[in-house]
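# Fold and contact review
Here are the chains, one letter per residue:
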Amino acid sequence: MYMQQALITALGKGVRNLAQLRGGGSALPGLFVEKIDPAYIRRTLSQLPHGIVLVSGTNGKTTTTKMVVQLLEGQGLRVFTNRTGSNFTRGVAAALLGEVDNRGVLHADIAVLELDEAHAVLFVKSIAPTYSLLLNVMRDQLDRFGEIDNTAALLHTIAQHTTNSIVINRDDPRLASPAFLDDIQATVHTYGVDESLRMHFPSDDQLHGNTPQPELAGDSLRHDDVSLRAMDGQRATISYADADHVVDLKLNGIYNVQNAVGAVAITRSIMGDDLDEPAMLKSLSEVTPAFGRGESIMINGNSCELLLVKNPGGFRLSLQSFDPAGHATMIAINDNYADGRDMSWLWDVDFHSLVEHGVDVVGGIRAYDMALRLQYDEVEFRHVETGIATALEYFLSHHMDKPKRIYCTYTAMLAIRRELAKQVKIEAVL
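Keep in mind it's a predicted model, so treat the numbers as computed, not measured. (Residues numbered from 1 in each chain as written. Predicted model: local features only at pLDDT ≥ 70, side-chain atom pairs only at ≥ 80, totals over all residues. Heavy atoms only, no water.)

### Some thoughts on the overall build of the chain
Per the secondary structure count, the chain includes 16 helices and 15 strands. A burial count over the chain gives 58% of its 430 residues as buried. Pairs at least 24 residues apart make up 74% of the contacts formed inside the chain by residues separated by at least 6 positions. Of the accessible surface of the chain, which amounts to about 17800 Å², a share of 50% is contributed by carbon and sulfur atoms. (Helix = DSSP H or I, 4+ residues; strand = E, 2+ residues; numbered from the N terminus. Buried < 20%, exposed > 50% of the residue type's maximum accessible area, 1.4 Å probe, protein only. Contact = heavy atoms within 4.5 Å. Areas by Shrake-Rupley, 256 points an atom, 1.4 Å probe, with all protein chains shown as cover.)

### Some details on helix H6 (residues 117-126)
The set of residues buried in H6 consists of Glu117, His119, Ala120, Val121, Phe123 and Val124. Where H6 begins, one side-chain oxygen reaches toward the backbone nitrogen of Ala118, 2.9 Å away; that side chain belongs to Asp116. (Polar contact = N/O pair within 3.5 Å; in protein donor to acceptor, adjacent residues only side chain to side chain.)

### So, the packing of helix H4 (residues 61-73) against helix H11 (residues 254-271)
When two helices pack together, their arrangement is given by the angle between the helix axes and the distance between those axes. Running from amino to carboxyl end, H4 crosses H11 at an angle of 40°, the nearest separation of the two axes being 9 Å. In terms of their interaxial angle, H4 and H11 are classed as oblique. Here H4 and H11 pass one another in a crossing that is right-handed. Between H4 and H11, the residues in contact are Thr63, Thr64, Met67, Val68, Leu71 and Leu72 and Asn256, Asn259, Ala260, Ala263, Val264, Ile266, Thr267, Ile270 and Met271, respectively. Taken together, the residues of the contact of H4 with H11 break down into 10 nonpolar, five polar and no charged. (Axes fitted to C-alpha atoms, helices over the stretch in contact; angles between N-to-C directions. Parallel < 35°, antiparallel > 145°, perpendicular 65-115°, else oblique. Left-handed = near helix turned anticlockwise from the far one by under 90°. Nonpolar A, V, L, I, M, F, W, Y, C, P; charged D, E, K, R; others polar.)

### Notes on the sheet that holds strand S1 (residues 52-56)
Each strand in a sheet pairs with its neighbour through backbone hydrogen bonds, running either in the same direction (parallel) or in the opposite one (antiparallel). One open sheet holds the nine strands; their spatial order is S2-S3-S1-S4-S5-S6-S7-S8-S9, and the pairing between them is mixed. For this open sheet the edge positions go to strand S2 (79-81) and strand S9 (243-248), each flanked by a neighbour on one side alone. Put simply, the sheet's adjacent strands are angled 20° from each other on average, direction ignored. Here strand S7 (residues 226-232) pairs with strand S8 (residues 235-240) via five bridges, running antiparallel. Paired with Ala230 across the bridge in S8 is Thr237. Against the sheet, H4 makes contact with S1, S2, strand S3 (110-114) and strand S4 (131-134), and its axis sits at roughly 165° relative to S3, the strand it touches most. (Pairing = 2+ DSSP bridges.)

### Things to note about the environment of Asp183
Turning to its location among the elements, Asp183 is positioned in the loop between helix H9 (178-181) and strand S6 (187-193). Of the residues examined, Asp183 reaches a relative accessible area of 33% and is grouped as partly exposed. Separated by 27 residues in the primary sequence, Asp183 and His156 place their C-alpha atoms 9.3 Å from one another. Setting aside residues no more than four positions away along its own chain, Asp183 makes contact with His156 and Gln160. Side-chain polar atoms of Asp183 contact the side chain of His156, separated by 2.7 Å. Looking at Asp183, its side chain comes within polar contact range of the side chain of Gln160, at 2.8 Å.

### Considerations on unusual backbone geometry
Positive phi outside glycine occurs at Asp242, with the angle close to 60°. Within the secondary structure, Asp242 sits in the loop between S8 and S9. Since its relative accessible area comes to 85%, Asp242 is described here as exposed. With a phi angle near 60°, Glu378 is a residue other than glycine that sits in the positive phi range. Mapped onto the fold, Glu378 is located in the loop between helix H14 (367-376) and strand S14 (384-385).

### Observations regarding the environment of Asp274
One can find Asp274 in the loop between H11 and helix H12 (277-286). Distance from Asp274 to Gln75, taken between C-alpha atoms, is 8.7 Å for residues 199 residues apart in sequence.

### With respect to the packing of aromatic side chains
One pass over the structure, following the stated rule, counts four aromatic pairs. When the ring of Phe315 is compared with that of Phe351, the centres are 5.1 Å apart and the planes differ by 90°; the resulting orientation is edge-to-face. A residue pair is termed long-range when its members are at least 10 positions apart, and Phe315 in helix H13 (residues 312-321) and Phe351 in the loop between strand S12 (328-332) and strand S13 (361-363) qualify at 36 residues. Owing to a relative accessible area of 0%, Phe315 belongs among the buried residues under this scheme. A residue is classified by how much of its surface remains accessible, and Phe351, at 0% relative accessible area, is buried. When the centroid spacing of 5.1 Å and the interplanar angle of 75° are considered together, the rings of Trp347 and Tyr376 count as edge-to-face. (Phe/Tyr/Trp six-rings, centres within 6.5 Å; stacked < 30°, edge-to-face > 60°.)

### Thoughts on the confidence of the model for the chain
Taken over all residues, the pLDDT of the chain has a mean of 86, while the share at 70 or more is 88%. Predicted confidence is poor over residues 142-146, with pLDDT under 50, and the contacts of this stretch with residues over four places away or in other chains come to 18 contacts. (pLDDT = per-residue confidence, 0-100.)

### Some remarks on the sheet that holds strand S10 (residues 293-299)
Across the sheet, six strands lie side by side as S10-S11-S15-S12-S13-S14; this open sheet has mixed pairing. The outermost strands of the open sheet, each flanked by one partner alone, are S10 and S14. In the sheet, S12 pairs with S13 via three bridges, with the strands oriented parallel. Looking across to S13, one finds that Met330 is bridged to Val361. Contacts from H14 reach S12, S13 and S14, with the element oriented near 135° to S13. Along the sheet face, helix H15 (residues 388-398) touches S10, S12, S13, S14 and strand S15 (404-408) and points at about 175° away from the line of S12.

Below is the structure:
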């Protein structure tokens, strides 16, 4: 077995080095390893003494995973994670090849893995996670996942296979339903927001008013609950164990405040009595945005924020979080496979917050669909360009004296980062 592990590792690292020399994607060596040794991930992760944390849900996986990693590292644990945000199983395999030594040994205590809901189901049927953090269920990529109840069923399968404890968002009506919790064997912990803040964090049912509201499990979920008690900009008051804790975050966006509460909840579940609370809160205050998720890049002396949008809930919360005043605004919409082919979800987003200041550039493959959607909400758009590179060039050259904000789908975000990397040094993720 040790010889096989070393051989597969050597072959995988070779493919990884070749892919990097040719400028290829991070998933290629992972796909190679999956094909020649389907048990490689399971065998390698089985070395970890503290097991595996799986983070899944529709919105917020990448940033929340980054938070959990930093919180656990602040507790003194060595953490393996799929840092590039490649949330398919091949991305996990590729990340492993970058971390294991030449014998295939992973020198870490625990893994924190972000996984796409559908790929997470394949993963857990082969490798049972020790802990799971389930964030939310929203309509997303309907061409891949189908309707929202199908997405909930995927997360339910993850919960069924988790061995130790699960942390769920008690404000999500599907995750908190009795049907979801009925046959879960792991201990359930929860997080959520105070009733007074609920209006700022709409569930999918509130975005689609004609959808019946599922029954909630109620007070039975509040075992050792972690709650967002108050928020003021980037200052959050997080309550647990009958005490309030104030944390100043470096993360922008109200959705990231909610994600921070989930990260605290799973960290408390993992560490138990060994939790170093001051270290956890300090780590939380130091987390910066993941790439493309509120990431700010300096261009010609002004900031350029990249905000990933991929479904109605996420886009709505982003628009709610950021005041367009004083900023140049661009929206870039692609419909490649990783974005989801079905762009009808744009009609479920309310763009009225952009009416006063308008949108400077609309770009991407589906730029004209986006422009039409803005027109229906009477939002002025000043330039439309289907090419990402040319749209970005126009945006930057015509608004050099302003901070900039770009709302973009996943592949549009990657293309924009590649273009920006030609001008300034930014973290490489692919």
